Amino acid sequence: MDTKAFKRALQHSENYNRKGFGHQAEVTTQLQSEYKSGLIQQIRHQNYILTQGDVTIRLAKAFGFCWGVERAVAMAYETRQHFPTERIWITNEIIHNPSVNQRMQEMNIGFIPVEAGKKDFSVVETGDVVILPAFGASVQEMQVLYDQGCKIVDTTCPWVSKVWNTVEKHKKVAFTSIIHGKYKHEETIATSSFAGKYLIVLNLQEAQYVADYILNGGEGEEFMQKFAKACSAGFDPDQDLERVGIANQTTMLKGETEEIGKLFERTMMQKYGTVDLNQHFQSFNTICDATQERQDAMLELVEEKLDLILVIGGFNSSNTAQLQQIAAERGIPSYHIDSVERIKSANTIEHRQLNGQLAMANNWLPNGKIIVGVTSGASTPDKVVADVMEKMFALKALVPAI
Ligand SMILES: C/C(=C\COP(=O)(O)OP(=O)(O)O)CO
Ligand code: SF4
């Protein structure tokens, strides 16, 4: 499929919209009242610190809704306003936050049903409206919807589209795209659909395995077992790793993405020499600004003296998980929660561990005066963060200081 030509045709179609419908003013007021918080505004204005009773909160200097999320959520609200009676669908969660997706359902925006792991687009009829989420959608999904004659509202973050352009560039010069990302993540599924040959590496360890293979060869079968779900159809590690370009999911750990880029640069230099490097290696850093700012703010926050850190965001939110990873690496007790309901009592909190499993932690809230670092992912409404803080203040007010 000529993905570039298809995208061009789609963008020129009268059934396609990626600019919204001119209802910004009403929608902004609605979003303010549903997702923003006076308490959080107050903390921002007092240098990101607030003390109440025994609790001092230190808020990261960049946290919460990023520009791309604000834009996508606003477009979804605008779509509902603009098409009050039409059936509206969304191909995936709009962003990775349960409270925002709950609102989509309340607004009668339907999620495309999934049958035996496959999306069933037969529910969409000509004339229905379909929203593509902030992560985008695979080019094959777009094609199905285009052919179905429905109205497509594309909220894909421009930072994500930038990654698609990067892999298109690799494809044009017959380079294999090495994508630093999670092969099951919606954004990476979409990105890889625009690539020619591709291989998805999750972390530096996997990247090192691939780099070793490039330099020393190895067991092709073992390689393919390892990356069975993370490469393009017909991938051959002995042929398809001679010319590689790097791209990444926008929300990975930025330090790791940089190291992976450098690793492949060194590897190709070692194998092919510096003079011919450009024939074998290309790299564009596609980590987005919002991810960088939130991770930088977290790196600053963990330098403070803190008793614990709360990282607030959806459990399937990649960028939120990266923030917790930074806390965990410093050895500071940290808990990733998605809503205030995870705080069961002053003794018990339910949280997502780095391995993705949920766990109950006891004695999470120390006695006496405490300093709590707080941050939230790019898809977390301020209101959710404020609810967590209020709950902590209330619990500490109940527990007598020792
Ligand atoms: C939409 C988007 C980021 C917003 O945060 P999300 O938490 O929704 O997504 P992610 O961190 O990628 O799992 C993709 O860049
Ligand atoms: S995290 Fe970055 S790429 Fe993702 S929606 Fe936000 S601004 Fe866009």
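Going by the annotation in an unreviewed UniProt entry, the name recorded for the protein is 4-hydroxy-3-methylbut-2-enyl diphosphate reductase, with Umezakia ovalisporum FSS-62 given as the source organism. In its Function (unreviewed entry) section, UniProt records this for the protein: "Catalyzes the conversion of 1-hydroxy-2-methyl-2-(E)-butenyl 4-diphosphate (HMBPP) into a mixture of isopentenyl diphosphate (IPP) and dimethylallyl diphosphate (DMAPP). Acts in the terminal step of the DOXP/MEP pathway for isoprenoid precursor biosynthesis." Taken from UniProt, the Sequence similarities (unreviewed entry) comment for the protein reads in full: "Belongs to the IspH family."

**Q** What am I meant to see in the overall build of the protein here?
**A** Looking only at helices and strands, one finds 15 helices and 18 strands in the protein. The globule rule puts the C-alpha radius of gyration for 402 residues at 21 Å, and the 23 Å found for the protein is close to it. Taken along its principal axes, the extent of the C-alpha atoms in the protein is 65 × 55 × 40 Å. Here the protein holds 402 residues, and the buried ones make up 54% of them. Pairs at least 24 residues apart make up 70% of the contacts formed inside the protein by residues separated by at least 6 positions. With the model as given, the accessible surface of the protein reaches about 18000 Å², and the carbon-plus-sulfur share is 48%. Counting 40 positive and 48 negative side-chain charges, the protein places the averaged centre of each group 3 Å from the other.

**Q** Help me out: how do you make sense of the site of ligand 2 in this one?
**A** Taken together, C66, G68, V69, C157, W159, V160, T250, T251, C288 and A290 form the complete shell of residues around ligand 2. Going through the elements one at a time, α4 (67-82) and α7 (158-172) are the ones with two or more residues in the shell around ligand 2. Its residues placed into classes, the shell around ligand 2 shows seven nonpolar, three polar and no charged.

**Q** Would you mind going over the packing of helix α2 (residues 24-35) against α4 with me for this structure?
**A** Two quantities define a packed helix pair, namely the angle between the axes and the distance from one axis to the other. Running from N to C, α2 and α4 point in directions that differ by 115 degrees, and their axes come no closer than 10 Å. α4 is crossed by α2, and the crossing has right-handed handedness. For the pair formed by α2 and α4, the contact residues are Q24, E26, V27, Q30, L31, E34 and Y35 on the first element and E70, V73, A74, Y77, E78 and Q81 on the second. The residue makeup of the contact of α2 with α4, split by class, is six nonpolar, three polar and four charged.

**Q** Is there a simple way to explain the sheet that holds strand β11 (residues 198-201) in this structure?
**A** The strands that make up a sheet pair up through hydrogen bonds in the backbone, lying either parallel or antiparallel. Taken together, the four strands give an open sheet; going across it, the order is β11-β10-β12-β13, and neighbouring strands pair in parallel fashion. Of all strands in the sheet, those with a lone pairing partner are β11 and β13 (281-283), marking the two edges. Adjacent strand axes in the sheet meet at a mean angle of 20 degrees when their direction is disregarded. With four bridges joining them, strand β10 (residues 176-180) and β11 adopt parallel strand pairing. Each residue of the ladder has a partner; that of I179, found in β11, is I200. The sheet contacts of α7 involve β10, β12 (244-248) and β13, and relative to β12 the element is tilted by about 170 degrees.

**Q** Looking at this model, I keep getting lost on empty space enclosed by the protein. Mind explaining?
**A** Empty space among the atoms can be located by rolling a probe the size of a water molecule over them. For the structure on display, the rule yields two cavities of 30 Å³ or more. Its boundaries defined by the atoms lining it, the largest cavity holds a volume of some 40 Å³. A290, T291, R294, Q295, N319, L323 and A378 are the residues that line the largest cavity. Examining the composition of the lining of the largest cavity, we find that four residues originate from one element, helix α13 (residues 289-301), more than from any other. Tallied by class, residues from the lining of the largest cavity come to three nonpolar, three polar and one charged.

Basis of the calculations
- Residues numbered from 1 in each chain as written.
- Chains lettered and ligands numbered in written order.
- Predicted model: local features only at pLDDT ≥ 70, side-chain atom pairs only at ≥ 80, totals over all residues.
- Heavy atoms only, no water.
- UniProt positions renumbered as here; feature names shortened; annotations may be inferred.
- Helix = DSSP H or I, 4+ residues; strand = E, 2+ residues; numbered from the N terminus.
- Rg over C-alpha atoms; globule rule 2.2 N^0.38 Å.
- Buried < 20%, exposed > 50% of the residue type's maximum accessible area, 1.4 Å probe, protein only.
- Contact = heavy atoms within 4.5 Å.
- Areas by Shrake-Rupley, 256 points an atom, 1.4 Å probe, with all protein chains shown as cover.
- Lys, Arg positive; Asp, Glu negative; His and termini not counted.
- Charge placed at Lys NZ, Arg CZ, Asp CG, Glu CD.
- Near = heavy atom within 4 Å.
- Nonpolar A, V, L, I, M, F, W, Y, C, P; charged D, E, K, R; others polar.
- Axes fitted to C-alpha atoms, helices over the stretch in contact; angles between N-to-C directions.
- Left-handed = near helix turned anticlockwise from the far one by under 90°.
- Pairing = 2+ DSSP bridges.
- 1 Å grid on protein atoms, 1.4 Å probe; cavity = no way out; pocket = protein on both sides within 12 Å on 5 of 7 lines; lining within 4 Å.
- Points joined across faces, edges and corners; volume = space filled by probe spheres on them.

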